[in-house]
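Observations on the three-dimensional arrangement
Below, each chain spelled out in residue letters.
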Amino acid sequence: MSGTGRKEDEVRRMLETSHPQVPAALAARAAERGARLLRRRRAVRRLWLVTVTAVVVAFTVWAVVAQPWQAPPAETTPPLEGW
């Protein structure tokens, strides 16, 4: 008998036996846990979006104030020769 046939036989034997008893409140607990996980994920996503938005706003304000794309003014003037 091949490995696949043996596994199928084992699965069939397991399915033919009586099913174990599950707690009565299992579905309610699972739904409660799922809702809690969804709320947590939603809160983390909102926190991440607020943080990213704050970083973008801070960078924009810094860029407008500092204007890093412009060359800094020269500290000294070049000598005037040839007048």
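Below: a short report on this structure.

What counts and how
The residue numbering used here restarts from 1 in each chain and proceeds along that chain's sequence as written. Only residues with pLDDT of at least 70 get local features here, since the model is predicted, and only at 80 or more are side-chain atom pairs given and counted; chain-wide, interface and lining totals rely on the full set of residues. Side-chain figures throughout are based on the complete set of non-hydrogen atoms in the structure, without hydrogens or water. Here a strand is any run of E in DSSP of at least two residues, a helix any run of H or I of at least four, and the numbering for each starts at the N terminus. The reference for a compact globule is 2.2 Å times residues^0.38; the radius of gyration itself is calculated from the C-alpha atoms. With a 1.4 Å probe rolled over the protein chains alone, any residue whose accessible area is under 20% of its type maximum counts as buried; one over 50% counts as exposed, and the rest are partly exposed. Note that accessible areas follow from Shrake-Rupley with a 1.4 Å probe, and for residues the cover is restricted to the protein chains shown. Positive residues here are Lys and Arg, negative ones are Asp and Glu, while His and the chain termini are left out of the count. Each charge is placed at NZ for Lys, CZ for Arg, CG for Asp and CD for Glu. Expected span of a helix, by definition, is 1.5 Å for each gap between consecutive residues, and there is one gap fewer than residues. Only residues above 30% relative accessible area that lack a salt bridge enter a patch, with like-charged residues linked at up to 9 Å and the nonpolar side chains Val, Leu, Ile, Met, Phe, Trp and Tyr linked at up to 5 Å. The salt bridge criterion pairs a side-chain nitrogen of Lys or Arg with a carboxyl oxygen of Asp or Glu, the two atoms within 4 Å.

Structural notes on the overall build of the protein
A count of helical and extended segments in the protein gives 2 helices and 0 strands. For a compact globule of 83 residues, the expected C-alpha radius of gyration is about 12 Å, and the protein comes in at 34 Å, more than 25% above that figure. Taking all 83 residues of the protein together, the buried fraction comes to 2%. Accessible surface, the protein as shown: approximately 8400 Å² in total, 64% of it carbon and sulfur. Charge-centre separation for the protein: the mean point of 13 positive side chains lies 14 Å from the mean point of 7 negative side chains.

Things to note about helix 2 (residues 26-66)
Taking 1.5 Å as the rise per residue, helix 2 with 41 residues should run 60 Å; its terminal C-alpha atoms sit 59 Å apart, in good agreement. One or two residues past the end of helix 2 sits Gln-67, with phi positive at roughly 45°.

Considerations on unusual backbone geometry
Even without a glycine there, the phi angle at Gln-67 is positive, about 45°. Mapped onto the elements, Gln-67 comes out in the segment after helix 2.

Examining a positive patch on the surface
Together, Arg-33, Arg-39, Arg-40, Arg-41, Arg-42, Arg-45 and Arg-46 give the surface a local cluster of positive charge. Relative to the helices and strands, Arg-46 resides in helix 2. According to the relative accessible area criterion, Arg-46 is exposed, its value standing at 55%.

A few points about a nonpolar patch on the surface
A contiguous nonpolar surface patch, about 390 Å² in accessible area, is contributed by Trp-48, Leu-49, Val-52 and Val-56. Inspection of the secondary structure assignment puts Val-52 in helix 2.

With respect to the environment of Leu-26
Looking at where Leu-26 falls in the secondary structure, it is placed in helix 2. Between the alpha carbons of Leu-26 and Val-64 there is a distance of 57 Å; along the sequence they are 38 residues apart.

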